[in-house]
Amino acid sequence: MALLEIENLSVAFATSGGTFRAVDKLSLSVQSNDILAIVGESGSGKSVAMMAVMGLLPWTAKVTADKLNFNGIDLLNLNARMRKKVIGKDIAMIFQEPMSSLNPCFTVGFQLAEALRVHLGMNRAERRKRSIELLELVGIPAPEKRLSAFPHQLSGGMSQRVMIAMAISCNPKLLIADEPTTALDVTIQAQILDLLVSLQSETDMGLVLITHDMGVVAETADRVVVQYAGQKAEEQPVKKLFAEPHHPYTSALLAALPERATSQILPSIPGVVPGQFDRPKGCLFSPRCAYATDLCRTVEPKRAEAALGHALCHYPLVDGEPTKNQKVS
Amino acid sequence: MFGFLLKRFGLLIPTFLGVTLAAFSFVRILPGDPVLLMAGERGVTPERHAQLLEQFGFDRPLYVQYFDYLFSALRGDLGQSLVTKRPVWDEFFTLFPATFELSICAIIFALVIGLPIGMLAAIKRGTWFDQSLMGAALVGYSMPIFWWGLLLIILFSGTLGWTPVSGRISLLYYFPNVTGLMLVDSLLSGQKGAFASAVSHLILPTIVLGTIPLAVIARQTRSAMLEVLNEDYVRTARAKGLSAKRVIGVHALRNAMIPVITTIGLQVGVLMAGAILTETIFSWPGIGKWLIDSISRRDYPSVQGGLLMIAVIIMFVNLVVDLLYGLINPRIRHKG
Amino acid sequence: MTDQVISTDPEVNDAPQSGLASFWFYFSENKGAVVGLCFFVAICLIAVFADFVAPHAPNQQYRDFFLVPPVWQEGGSWQFILGTDAVGRDMLSRLIHGSRFSLFVGIIVVVGAVTVGVTIGLIVGYVGGALDTLVMRLMDIILAFPSLLLALVLVAVLGPSLTNAIIAIAIIQQPHYVRLTRAAVLGEREKDYVTAARLAGVGPIRLMFRTILPNCMAPLIVQAALSFSTAILDAAALGFLGMGAQPPTPEWGTMLAEAREFILRAWWVVTLPGLAILMTVLAINLMGDGLRDALDPKLKRS
């Protein structure tokens with residue numbers, strides 16, 4: 001049984017201009033001891049999907065799914081009391097902005113110990129011992145001193161380490177990392193990623209890594225889900241994805257990597273992810289796709305088979321060229 | 001922390017000088033002769049005029065008069081009331097406890113009701129519950145409190161006969177003035193019913209004086225809470241699996257209190273202005289009523305002294321609020 | 001979370017709204033603000049046409065009709081719809097004429113405080129240096145006193161009258177504008193568009209009023225609404241304390257002061273003037289909230 005199973009998850013926001021679908025029929029699964037990367041540009045709904053798993057979305061969001069199971073528990077129909085026992089204990093999440101994700105009014109020690117008390121019922125001495133242990137684990141020097149520090153006294157990298165320590169404090173089965181390195185210096189980014197990967201391998205937890213950075217994906221992930229405008233564009237093991245992308249969007253993303261540049265000028269994808277008011281008909285990627293035909297612009301594509309990376313495309317790429325043998329259904 | 005305190009104290013000095021200058025010049029900017037002005041409509045003989053001029057030192061250069069005034073004020077000498085001939089300082093501090101008691105009750109009333117209202121409205125934002133609470137708060141904020149007091153008197157004292165109309169305590173009770181606070185003194189006296197009488201006299205003035213601060217605090221708490229609820233650290237707290245009560249009551253509230261404390265500090269001025277009206281309506285023997293009486297009796301030394309003392313009290317309270325602010329907001333505290 | 005995505009395709013984008021249209025869109029979204037605006041306009045019309053609307057002259061004393069209750073109460077008559085006061089003057093007519101004073105106070109105070117405050121703020125913010133420090137200290141001192149107390153003392157010095165009350169209230173209101181304008185000027189002064197204008201040879205006066213000022217209008221407008229209601233409240237309070245408009249002026253606060261002794265005998269002489277103050281102030285504050293929501297993008301509802 002998969003640790004996290006999502007089938008046809010949709011998240012819609014009620015806005016003043018009507019409903020906006022941030023996530024559109026997303027399906028994915030995570031095994032324990034698995035690192036899944038979700039890749040996409042900003043606005044592609046990758047964070048929103050994981051927030052839905054955590055139940056962190058505002059009340060304006062409407063979450064629907066055929067299946068939203070964690071470890072056999074149906075998260076969709078969980079009451080608040082039961083949810084509290086799972087969220088923060090078995091599923092934990094860290095966020096993009098470590099500096100603002102820690103409460104400025106409380107010490108590191110207070111914030112670390114909070115989950116230990118609520119979920120594990122530890123007493124004061126146990127909490128302190130475990131907190132120091134956790135800070136050591138995430139590589140913070142002089143942990144005893146750090147317990148009484150306030151977040152504004154920590155650097156960004158330190159804050160993210162504290163966030164990670166908080167997240168893994170109850171030995172979660174699944175850790176969701178939402179762009180954990182985006183806000184950090186390049187030198188710190190690698191350290192944090194290494195930390196996450198080593199923690200993951202030591203504890204056998206599942207790790208979902210949300211990122212827009214293909215470089216991060218290549219270094220860390222086992223499997224990759226490419227998300228575009230709330231939809232899953234493609235899903236493949238990481239090596240295969242880099243070897244042969246089947247969705248034109250994936251292909252374009254990879255082509256934009258500096259390491260892969262073949263010409264002097266770095267290729268980019270024209271345009272931006274469609275928003276609430278400019279969703280195209282047919283394939284959502286068609287306005288920006290180099291291979292788009294009239295079919296793409298009018299008819300929504302069907303999902304291709306696993307061999308073609310479940311690509312959501314009329315003409316999945318094979319050897320970098322669109323296949324022309326697909327029939328209109 | 002100590003450095004912070006010292007710096008904050010240093011900032012007070014120019015304001016204090018300015019306030020004394022303002023209080024000083026208020027009598028002196030008057031067009032015409034200060035002695036004639038103080039004498040009012042009665043007028044004085046030329047001899048008496050010259051004598052008064054010298055007595056008050058009005059014949060000396062202005063800056064000498066100012067420094068004289070400043071150093072006297074620092075020693076606690078605010079001059080003599082023209083009406084009662086008692087030192088203004090003594091008059092002020094005989095009456096101040098009454099105003100202090102009323103203001104404290106009013107601000108507690110405003111906090112105890114205003115904070116929960118603001119929090120509830122923020123949590124239930126957009127609902128009819130939120131809208132009616134905030135509608136009520138805006139009515140309170142727009143309230144002419146002198147009229148509000150009269151309305152309450154009509155209802156509770158007139159129609160229902162529940163509360164007395166004026167004063168601090170029923171004339172049936174007499175006990176020594178220990179602290180000047182009627183609630184405390186009535187308890188100390190041990191007389192049966194004295195405390196209840198003091199409370200019943202306090203209720204309406206407290207409501208009247210507390211209404212605007214209540215409305216301001218409720219509105220400010222709501223907007224601060226709304227802002228904080230959108231912060232990343234609140235999301236973190238929720239992601240930890242904490243109960244909604246703990247997320248709101250601990251993580252959000254502590255941060256939301258930072259701007260609210262500033263607001264509470266600013267209410268002191270509102271309370272002082274409100275005290276003038278409230279005390280007039282309820283014949284409450286405090287400094288508000290004393291000031292109004294002094295103004296209408298043209299008792300300028302009293303007005304001058306009262307003005308200065310109130311400004312100093314407000315400055316002092318703002319200092320305390322700043323210190324509290326540092327206590328609750330670690331980012332300020334550590335800047336030291 | 002849901003990043004706002006700006007379309008590059010102009011055809012599918014919403015037609016860009018003009019400033020005024022977008023302002024009205026956000027303002028009219030706030031139902032309370034619209035109600036407040038309607039009420040305020042109604043009061044303005046009543047004030048302007050008071051002579052035609054009021055059934056009686058405001059100071060006309062009907063010797064046979066002392067303390068006549070409103071029409072719906074026993075003893076009331078259609079001749080005096082809201083009853084009469086202790087000297088037989090028609091309450092309704094006095095209330096209608098009273099609206100003139102309140103609005104007049106509000107308008108004069110706001111115009112006076114805005115003109116003086118904004119000018120000082122612009123100059124001080126633009127020039128900076130010792131002048132800036134001196135003026136701002138002065139403003140701090142004015143703000144160190146409770147507004148009503150300072151107004152009271154000023155009126156005591158100047159002599160109690162409506163004009164002096166207006167002057168006093170305007171003086172205690174203008175530091176807010178000085179502060180706001182100065183802060184805005186300091187924020188805008190270093191921006192590129194100001195430098196560009198300066199390089200283009202725009203003189204300091206024009207730079208201050210035509211280039212910088214329009215960019216800090218939003219907080220000023222919101223503050224103006226706030227001052228308007230505060231001014232009405234303070235003027236009424238001064239009137240109530242006998243330091244504002246003097247009897248027999250039908251100013252609402254003064255009317256309340258005159259009615260105090262009848263508080264337990266004739267509820268209408270006490271209740272109605274206060275209600276008029278409350279409704280007017282409430283309407284303006286409702287409008288002010290709407291203005292703030294519509295003008296301040298930071299505070300716009302999510």
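Calculation criteria
Residues numbered from 1 in each chain as written. Chains lettered and ligands numbered in written order. Predicted model: local features only at pLDDT ≥ 70, side-chain atom pairs only at ≥ 80, totals over all residues. Heavy atoms only, no water. Helix = DSSP H or I, 4+ residues; strand = E, 2+ residues; numbered from the N terminus. Rg over C-alpha atoms; globule rule 2.2 N^0.38 Å. Contact = heavy atoms within 4.5 Å. Areas by Shrake-Rupley, 256 points an atom, 1.4 Å probe, with all protein chains shown as cover. Core = buried A, V, L, I, M, F, W, Y, C linked by side-chain atoms within 4.5 Å. Buried < 20%, exposed > 50% of the residue type's maximum accessible area, 1.4 Å probe, protein only. Domains from an automatic or database assignment. Salt bridge = Lys/Arg side-chain N within 4 Å of Asp/Glu carboxyl O. Buried area = accessible area lost by both parts, 1.4 Å probe. Expected span 1.5 Å × (residues − 1). Polar contact = N/O pair within 3.5 Å; in protein donor to acceptor, adjacent residues only side chain to side chain. Patch = residues over 30% accessible without salt bridge, like charges linked within 9 Å, V, L, I, M, F, W, Y side chains within 5 Å. Lys, Arg positive; Asp, Glu negative; His and termini not counted. Charge placed at Lys NZ, Arg CZ, Asp CG, Glu CD. pLDDT = per-residue confidence, 0-100. Pairing = 2+ DSSP bridges. Axes fitted to C-alpha atoms, helices over the stretch in contact; angles between N-to-C directions. Disulfide = S-S within 2.5 Å.

Enquirer: Which residues make up the overall build of chain A, and what values do they have?
Expert: Secondary structure summary: chain A contains twelve helices and 13 strands in total. Against the compact-globule benchmark of 20 Å for 329 residues, chain A has a radius of gyration of 21 Å, which places it among compact chains. In terms of its C-alpha atoms, chain A occupies a principal-axis envelope of roughly 65 × 50 × 40 Å. The long-range fraction of contacts in chain A, counting pairs at least 24 apart against all pairs at least 6 apart in sequence, stands at 64%. With an accessible surface of roughly 14300 Å², chain A has 52% of that area assigned to carbon and sulfur atoms.

Enquirer: Outline unusual backbone geometry, supporting the account with residue identities and numerical values.
Expert: Note the cis peptide between C:P247 and C:P248, where omega equals 5°. Take C:P248: it is sitting in the loop between α10 (217-240) and α11 (252-259). Look at A:N33: it is not a glycine, yet its phi comes out positive at around 65°. Its location among the elements puts A:N33 in the loop between β2 (18-30) and β3 (35-39).

Enquirer: Any details on the nonpolar core? Residues and values, ideally.
Expert: Formed by 133 residues in total, the largest nonpolar core has its most connected members in B:F146, C:L238 and C:V269. Counting contributing residues per domain, this core is built from domain 1 (1-83 + 297-336) and domain 2 (91-284) of chain B, each supplying no fewer than three. Setting aside residues up to four positions removed in sequence, C:L238 forms contacts with C:L148, C:A151, C:L152, C:V155, C:A165, C:I169, C:M243 and C:G244.

Enquirer: I'd like a description of the pattern of salt bridges, backed by residues and values.
Expert: Here the structure, examined in full by the defined rule, presents 31 salt bridges over all chains. Between C:R94 and C:E258 there is a salt bridge, and its shortest N-O distance comes to 3.8 Å. Within this pair, whereas C:R94 is found in helix α4 (residues 91-127), its partner C:E258 is found in helix α11, the two being separated by 164 residues in sequence. For C:R94, a relative accessible area of 1% corresponds to the buried category. Residue classification places C:E258 among the partly exposed positions, given a relative accessible area of 27%. Residues joined by salt bridges that share partners form a network here, namely A:D34, A:R223, A:K232 and A:E235.

Enquirer: Mind laying out the interface of chain B and chain C, listing which residues take part and the relevant values?
Expert: Many structure descriptions define interface size as the accessible area lost when the parts assemble. Residue-level contacts link 38 residues of chain B with 35 residues of chain C. Interface area for chain B against chain C, summed over the two sides, is near 3500 Å², with a carbon-plus-sulfur share of 82%. At the junction of chain B and chain C, the tally comes to one salt bridge. Close ionic contact of B:R219 with C:D289 constitutes a salt bridge, the shortest N to O distance being 3.1 Å.

Enquirer: Just give me the short version of helix α5 (residues 129-144) of chain C, but keep the residues and values in it.
Expert: Compared with the 22 Å implied by 1.5 Å per residue over 16 residues, the 23 Å span of α5(C) between its first and last C-alpha is a close match. Burial in α5(C) covers these residues: C:D132, C:V135, C:M136, C:M139, C:D140, C:I141, C:I142 and C:A144.

Enquirer: Break down the domain arrangement of chain B for me, with residues and values.
Expert: Residue and element names in this part refer to chain B. As assigned here, chain B comprises domain 1 (1-83 + 297-336) and domain 2 (91-284). Once you take the C-alpha centre of each, domain 1 and domain 2 turn out to be 29 Å apart. Buried area between domain 1 and domain 2, both sides added, is near 1200 Å², and the carbon and sulfur share of it is 81%. On the domain 1 side of the interface with domain 2, the three residues burying the most area are I313, Y325 and I328, jointly 38% of the side's total. On inspection of domain 1 and its partner domain 2, the count reaches zero salt bridges. Taken together, domain 1 and domain 2 are joined by zero residue pairs in polar contact (both at pLDDT 80 or more).

Enquirer: Which residues make up a positive patch on the surface, and what values go with them?
Expert: Taken together, the side chains of A:R81, A:K84, A:K85 and B:K245 present a region of like positive charge at the surface. The element best represented in the positive patch is helix α2 (residues 80-86) of chain A, accounting for three residues. Of note, A:R81 is situated in helix α2.

Enquirer: Provide a residue-level description of the interface of chain B and chain A, including the pertinent values.
Expert: Each partner contributes residues to the interface: chain B has 22 residues there, and chain A has 30 residues. At the boundary of chain B with chain A, total buried surface from both sides reaches about 2400 Å², with 58% on carbon and sulfur atoms. A per-residue breakdown of the area chain B buries against chain A is headed by B:R235, B:A239 and B:K240, which together make up 25% of the total. Our enumeration of links across chain B and chain A arrives at two salt bridges. A salt bridge links A:E114 to B:R246; its shortest N-O distance comes to 2.8 Å. Going through the elements one at a time, α10 (232-239), α11 (244-282) and α14 (330-333) of chain B are the ones with two or more residues in the side of chain B that touches chain A.

Enquirer: Please provide a residue-by-residue account of the confidence of the model for chain B, values included.
Expert: Scored by pLDDT, chain B has a mean of 85; 93% of the residues are at 70 or more. Both scores are available for the predicted complex, with the pTM at 0.84 and the ipTM at 0.85.

Enquirer: Account for the sheet that holds strand β7 (residues 91-94) of chain A, with residues named and values stated.
Expert: Residue and element names in this part refer to chain A. Read across the open sheet, the six strands follow the order β7-β8-β9-β3-β10-β11; overall the sheet is mixed. The two strands at the open ends of the sheet, each matched to only one other strand, are β7 and β11 (231-237). Shown here is a sheet whose adjacent strand axes are inclined to one another by a mean of 15°, direction ignored. Sheet strands touched by helix α8 (residues 186-203): β3, β7, β8 (174-178) and β9 (206-211). Its angle to β9, the strand with the most contacts, is close to 160°.

Enquirer: Kindly report on the state of the cysteines, identifying the contributing residues and their values.
Expert: Following the criterion strictly, the structure yields zero disulfides over all chains and no others. A:C296 forms no disulfide, and the closest cysteine sulfur to it belongs to A:C283, at a distance of 6.0 Å. When its relative accessible area of 6% is taken as the criterion, A:C296 is described as buried. Cysteine C:C38 remains unbridged, with the sulfur of C:C44 as its closest cysteine sulfur at 12 Å.

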